[in-house]
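Chain by chain, the residues run as shown.
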Amino acid sequence: MEPNNQENVKKEEEEQVVTPWEVASKGKIDYDKLIDQFGCQRLDPTLIQRVERLTSLPAHVFLRRGVFFAHREFNGILDAYEKGEKFYLYTGRGPSSEALHLGHLIPFMFTKYLQDAFKVPLVIQLTDDEKCLWKNLPVEETQRLARENAKDIIACGFDITRTFIFSDFDYVGGAFYKNMIKVAKCITFNQVHGIFGFTPEDHIGKISFPPVQAVPSFPSSFPHLFTGKDNLRCLIPCAIDQDPYFRMTRDVAPRIGYQKPALIESSFFPALQGDTGKMSASDPNSAIYVTDSAKDIKNKINRYAFSGGRDSVEEHRLRGANLEVDIPFKYLTFFLDDDTELEHIKQEYGSGRMLTGEIKKRLTEVLTQLVERHCKARAAVTDAMVDAFMAVRPLPNMFD
């Protein structure tokens, strides 16, 4: 490679950082670059059409609008399903805050759709150990946060007869731990340095963590669920920043006698201030939380949501909004179900006939309804329900 090209690549890498622990960019996230960098594939319309045909259901809004946009061997999952072979779902949450924001809900909303559409079992990992290692939180606090986050996850409507939620501190051991050791033996420090950027200054807890997130991809990690089903395929819905974990997992899986997990990956739900990263739990004004009141939501959208509207009404009427950078419009593409209304807003706002105040008002209505529905569902989740979802037990309706 020519020296100038090396400098350009280095400059591009510095301008966009996407890891499981950091997402930042000096401009808009370049997802085509991420696909090239990670080696995954773009989700094309033919796969979405296959999902609709196989499930006899309309594609989820997150599929129709490209929120979930990349994959690894999702076509293989569909091939197997078409032949009558089942699979299971695996997703997770790192419990570092008491309340979830809307970005945290996206993988769970989509996973619920997949569970209902394909009628398959689901395991949800709460990585309380990871947040203890990365956020320097006490063990007891991450365990408490895991249970609080579990209530928000359950409120998304998962089927208890097909869903097992577990926290690492409570569940890791036995067959799960044996698989962790098998994975760990296959990975050198040089490899985790290359994949995750670990350095000699990182404590060994971080360096030893990746196998913990890898092994829920293997059915033998859950003998109470999948005994005798070691060849069951796994599909992981997640944001694309989690891809490094599963690139590693897919590399190791055949070496220890397991199927490679498949992935379906989403883009990031941007911060209110602009599309250069994702919502951050450390900045409350960058995010809409599921605990926000209607007043909070309205205030945050009006004050902080970055607008693609023009500086004056006259200029806006003349030139229209810049939809590429407008956060209210982007949020509506995630959460406004009605395709016809969204297209109408796109035309009206993009042409300047609709003003910034009007689109922010509509977004406030949509998000307030969403948060109020979630709050009502969460209020109905008891500690006994959390215990039931997290109980180590067979799932009676796994594939019915």
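Residues numbered from 1 in each chain as written. Predicted model: local features only at pLDDT ≥ 70, side-chain atom pairs only at ≥ 80, totals over all residues. Heavy atoms only, no water.

One open sheet accounts for seven strands, arranged 3-4-9-8-5-6-7; its pairing is mixed. Looking along the sheet, the strands with just one partner apiece sit at the ends: strand 3 (41–42) and strand 7 (163–167). Inspection of the sheet shows strand 5 (residues 87–93) paired to strand 6 (residues 122–126) by five bridges, in the parallel sense. Bridging across to strand 6, Y90 finds its partner in V123. (Pairing = 2+ DSSP bridges. Helix = DSSP H or I, 4+ residues; strand = E, 2+ residues; numbered from the N terminus.)

In this section: the nonpolar core. In terms of nonpolar packing, the biggest core is built from 72 residues, with L63, F335 and L367 touching the most fellow members. By residue number, the principal contributor to this core is helix 6 (residues 102–118), which donates nine residues. Both domains that furnish three or more residues to this core are identified here as domain 1 (20–272) and domain 2 (294–379). Sequence-distant contacts of F335, defined by excluding residues within four places in its chain, comprise F62, L102, I106, M109, F269, V366, L367 and L370. By size, the runner-up hydrophobic cluster in this structure holds 37 residues, among which are F166, V192, F246 and L263. (Core = buried A, V, L, I, M, F, W, Y, C linked by side-chain atoms within 4.5 Å. Buried < 20%, exposed > 50% of the residue type's maximum accessible area, 1.4 Å probe, protein only. Domains from an automatic or database assignment. Contact = heavy atoms within 4.5 Å.)

Moving on: the pattern of salt bridges. Summed over all chains, the structure comprises 28 salt bridges. Across the pair R247 and D243 runs a salt bridge whose closest N-O atoms are separated by 2.9 Å. Here R247 pairs with D243, and both are found in helix 15 (residues 243–252), just four residues apart, close to one helical turn. With a shortest N-O distance of 2.9 Å, D292 and K300 are connected by a salt bridge. There is no split in this pair, since D292 and K300 are both buried. What emerges from the salt-bridge pattern is a single network uniting R147, E148, K151, D152, R378, D383 and D387. (Salt bridge = Lys/Arg side-chain N within 4 Å of Asp/Glu carboxyl O.)

Before going further, it helps to examine the domain arrangement of the protein. If you check the domain split of the protein, you get domain 1 (20–272) and domain 2 (294–379). Centre-to-centre separation of domain 1 and domain 2, based on C-alpha positions: 30 Å. With 21 residues of domain 1 at the interface, the matching set in domain 2 holds 23 residues. Interface area for domain 1 against domain 2, summed over the two sides, is near 1900 Å², with a carbon-plus-sulfur share of 62%. In terms of surface lost to domain 2, no three residues of domain 1 exceed R65, L102 and L272, which account for 38% of the buried area on that side. Seen at the junction of domain 1 and domain 2, the total is five salt bridges. Across the pair E324 and K28 runs a salt bridge, and its minimum N-O distance is 2.7 Å. (Buried area = accessible area lost by both parts, 1.4 Å probe.)

This brings us to the packing of helix 3 (residues 45–55) against helix 5 (residues 74–82). Orientation of helix 3 relative to helix 5, taken along the N-to-C sense of each, is 25 degrees, at an axis distance of 11 Å. Judged on the interaxial angle alone, helix 5 and helix 3 are roughly parallel. Crossing of helix 3 against helix 5: the hand is left-handed. Each of L47, R50, V51, R53 and L54 in helix 3 lies in contact with helix 5, whose residues at this interface are F74, N75, L78, D79, Y81 and E82. In terms of residue class, the contact of helix 3 with helix 5 is made up of six nonpolar, one polar and four charged. (Axes fitted to C-alpha atoms, helices over the stretch in contact; angles between N-to-C directions. Parallel < 35°, antiparallel > 145°, perpendicular 65-115°, else oblique. Left-handed = near helix turned anticlockwise from the far one by under 90°. Nonpolar A, V, L, I, M, F, W, Y, C, P; charged D, E, K, R; others polar.)

What follows deals with the pairing of strand 7. In regular strands, side chains alternate between the two faces of the sheet. Of all five residues in strand 7, five are buried; the element is thus mostly enclosed. Neither face of strand 7 is exposed, since T163, I165 and S167 on one face and F164 and F166 on the opposite face are all buried. For strand 6 and strand 7, the ladder comprises five bridges, and the chain directions are parallel. Across the sheet, V123 pairs through a bridge with F164, a residue of strand 7.

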